[in-house]
Amino acid sequence: MKVLVIGGGAREHALCRSLSLDPDVTALHCAPGNAGIGEVAELHGVDALDGRAVADLAVELAADLVVVGPEAPLVAGVADAVRERGIPVFGPSARAAELEGSKAFAKDVMAAAGVPTARSYVCTTPEEIDDALDAFGAPYVVKDDGLAAGKGVVVTEDVAAARAHALGCDRVVIEEFLDGPEVSLFAVTDGETVVPLQPAQDFKRAHDGDAGPNTGGMGAYSPLPWADPKLVDEVLQTVLQPTVDELRRRGTPFSGLLYAGLAITSRGIRVIEFNARFGDPETQVVLARLKTPLSGLLHAAATGTLAAFPPLRWRDGAAVTVVIASHNYPGTPRTGDPIEGLAEVAEQDAPDAYVLHAGTRRDASGAVLSAGGRVLSVTATGADLATARERAYRAVGRISLDGSHHRTDIAAKAAAGE
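Draft legend 1. Representation of the overall build of the chain. Across its full length, the chain carries 14 helices and 22 strands. Its C-alpha atoms give the chain principal-axis dimensions of roughly 55 × 45 × 40 Å. Residues counted as buried form 55% of the 418 residues belonging to the chain. Long-range contacts, defined here as pairs at least 24 residues apart, represent 69% of the contacts in the chain between residues at least 6 apart. Taken as a whole, the chain presents about 16,400 Å² of accessible surface, with 49% of it coming from carbon and sulfur.

Draft legend 2. Representation of a negative patch on the surface in the model. A surface patch of negative charge is lined by E127, E128, D131 and D134. Assignment of secondary structure puts E128 in helix α7 (residues 126-136).

Draft legend 3. Representation of the sheet that holds strand β1 (residues 2-7). With parallel pairing, the five strands of this open sheet are ordered in space as β3-β2-β1-β4-β5. Both outer strands of the open sheet, β3 (42-43) and β5 (89-90), are each paired with one neighbouring strand and no more. With two bridges connecting them, strand β4 (residues 65-68) and β5 associate as parallel partners. For V66, the partnering residue across the bridge sits in β5 and is V89. Contacts from helix α1 (residues 10-20) reach β1, β2 (27-32) and β4, with the element oriented near 170° to β1. Helix α11 (residues 294-302) rests against β4 and β5 of the sheet, and its axis sits at about 90° to β4.

Draft legend 4. Looking closely at the pattern of salt bridges. If you walk through the whole model with that rule in mind, you get 24 salt bridges. E71 is the salt-bridge partner of R11, the closest N and O atoms lying 4.0 Å from each other. Of the two residues, R11 sits in helix α1 while E71 sits in helix α3 (residues 71-75), which places them 60 residues apart along the sequence. One exposure class covers both R11 and E71, and it is buried. Here R407 and D210 are joined by a salt bridge, their closest N and O atoms 3.1 Å apart. Placement of the pair is R407 in the loop between α13 (385-396) and α14 (412-415) and D210 in the loop between β13 (205-207) and β14 (211-214), with a sequence separation of 197 residues. R407 gets classed as buried once you look at its relative accessible area, which sits at 1%. Its relative accessible area of 49% is what places D210 among the partly exposed residues. Through salt bridges with shared partners, a single ionic network connects R11, E12, E71, E100 and R277.

Draft legend 5. How the structure looks around empty space enclosed by the protein. The full count for this structure, using the stated rule, is three cavities of 30 Å³ or more. Here the largest cavity defines a volume of roughly 60 Å³. Contributing to the lining of the largest cavity are L99, K103, A106, K107, M110, K143, V173, E175, I272, E273 and F274. For the lining of the largest cavity, the secondary-structure elements that each account for two or more residues are α6 (103-113), β9 (172-175) and β17 (268-275). In terms of residue count, the dominant contributor to the lining of the largest cavity is α6 (four residues). Taken together, the residues of the lining of the largest cavity sort by class into six nonpolar, no polar and five charged.

Draft legend 6. Examining the state of the cysteines more closely. For the coordinates displayed, the defined rule picks out zero disulfides. Among the cysteines around C30, which has no disulfide bond, C16 carries the closest sulfur, lying 4.2 Å off. Judged by relative accessible area, C30 falls into the buried class, the value being 0%. We note that C169 lacks a disulfide partner, and the nearest cysteine sulfur, in C123, lies 11 Å from it.

Draft legend 7. Representation of the packing of α6 against helix α9 (residues 231-249) within the structure. At their nearest, the axes of α6 and α9 sit 9 Å apart, and the two run at 100° to each other. Between α6 and α9, the angle is such that the two are roughly perpendicular. Within the contact between the two elements, α6 uses F105, V109, A112 and A113 and α9 uses P242, T243, E246 and L247. Tallied by class, the residues present in the contact of α6 with α9 amount to six nonpolar, one polar and one charged.

Draft legend 8. Summary view of the packing of aromatic side chains. Inspection of every chain in the model, using the stated rule, returns five aromatic pairs. A ring pair is formed by Y121 and F136, whose centres lie 5.4 Å apart and whose planes are at 45°; its orientation type is tilted. Of the two residues, Y121 is situated in strand β6 (residues 120-123) and F136 in helix α7; the sequence distance between them amounts to 15 residues. By relative accessible area, which is 17% here, F136 ends up buried. Centroid distance F186 to F278: 5.6 Å. Interplanar angle 85°. Geometry classified as edge-to-face. Of this pair, F186 sits in strand β10 (residues 182-189) while F278 is found in the loop between β17 and α10 (282-289), placing the two residues 92 residues apart along the sequence.

Draft legend 9. A look at the packing of α7 against helix α8 (residues 159-167). Close contact between α7 and α8 brings their axes to 10 Å; oriented N to C, the two are set at 145°. The hand of the α7/α8 crossing is right-handed. Listed contacts from α8 to P126, I129, D130 and L133 of α7 are V159, A162, R163, A166 and L167. Of the residues in the contact of α7 with α8, the class split is seven nonpolar, no polar and two charged.

Cut-offs used in this document
- Residues numbered from 1 in each chain as written.
- Predicted model: local features only at pLDDT ≥ 70, side-chain atom pairs only at ≥ 80, totals over all residues.
- Heavy atoms only, no water.
- Helix = DSSP H or I, 4+ residues; strand = E, 2+ residues; numbered from the N terminus.
- Buried < 20%, exposed > 50% of the residue type's maximum accessible area, 1.4 Å probe, protein only.
- Contact = heavy atoms within 4.5 Å.
- Areas by Shrake-Rupley, 256 points an atom, 1.4 Å probe, with all protein chains shown as cover.
- Patch = residues over 30% accessible without salt bridge, like charges linked within 9 Å, V, L, I, M, F, W, Y side chains within 5 Å.
- Salt bridge = Lys/Arg side-chain N within 4 Å of Asp/Glu carboxyl O.
- Lys, Arg positive; Asp, Glu negative; His and termini not counted.
- Charge placed at Lys NZ, Arg CZ, Asp CG, Glu CD.
- Pairing = 2+ DSSP bridges.
- Axes fitted to C-alpha atoms, helices over the stretch in contact; angles between N-to-C directions.
- 1 Å grid on protein atoms, 1.4 Å probe; cavity = no way out; pocket = protein on both sides within 12 Å on 5 of 7 lines; lining within 4 Å.
- Points joined across faces, edges and corners; volume = space filled by probe spheres on them.
- Nonpolar A, V, L, I, M, F, W, Y, C, P; charged D, E, K, R; others polar.
- Disulfide = S-S within 2.5 Å.
- Parallel < 35°, antiparallel > 145°, perpendicular 65-115°, else oblique.
- Phe/Tyr/Trp six-rings, centres within 6.5 Å; stacked < 30°, edge-to-face > 60°.
- Left-handed = near helix turned anticlockwise from the far one by under 90°.

So, in structure tokens, the structure goes:
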């Protein structure tokens, strides 16, 4: 199978790494990719948001499968452009991807499907914003209706900060605060059959102890030793399958990766948000544990044959990923700084720990430089969370990037049994 992956972050590096280890993959391509992905796939300088260019590349490569990684190309209709050329593509149509592209659309789908979620108001005027903030009270949860790269949500006790964020959005969803731990659960679907993966937990805040601003994610771990063993089945029956069924009923079947961000509240499971693609950094730990070859699973979803696909197989043990971010992230990051220590990790820590590139590029001499806010995802596996965590942080310690920062408490409580 010849596979083309679209995107250039750590999620796409995780996908490419798994596909490169898949015996069924005979050729692996990525557009545009990054410095790390270039070590396992052939890179192509194509704009990921240009559906025609992506489809042309897929035809030129005679790709058997196209995997669209990020949300922006999906919402822009890149998967539709590839499908129109008759090539199997893993990723929903632009209309189905509105499940992530519009918080208001997602709320409407959940209401129709009977999916449990937070009570909310969709607001477009200052008066509606003030009424909604007053109705719910603190802590305030304010979400930009559109795509915001994981940073469009503000949760704050400060009504002025909540109002300021809301006024900066064209349309905003204001909702009740959900208590309890959060869980990320991915599911692969062909529009009818839904196959859940293993749950993970990510860390959104920039600093230790869940302090600081929201980010795109600073680390993750899987499995969740504290979670109810029946959690996945319950979410499949009450959230994932009803949502897929409702979208099919509307004539906008969802084929690809459905991501449910969940709160395990005192009143039961509630959906915080849906995404229309693999989450980053949770993908890094979930794929580290997936034993089933990835290409066959994604191809079955892309071709409507998921019902006949064998049950997924998982590796024993645990996985942890720690994100190394640029100076000032999640503000405007500093880029162009050299990254040292990557070879040392490859020599001394592999295969138990490895580095997935997010915001990186190579200069004319071949040196790897920072090129984004989240720069690297250092991922490790082990017999348990404590071992995986120890290996991940040992590898983090070998890497040098001036001004960078990372959290030191990823998976610490779970590893300690808290």
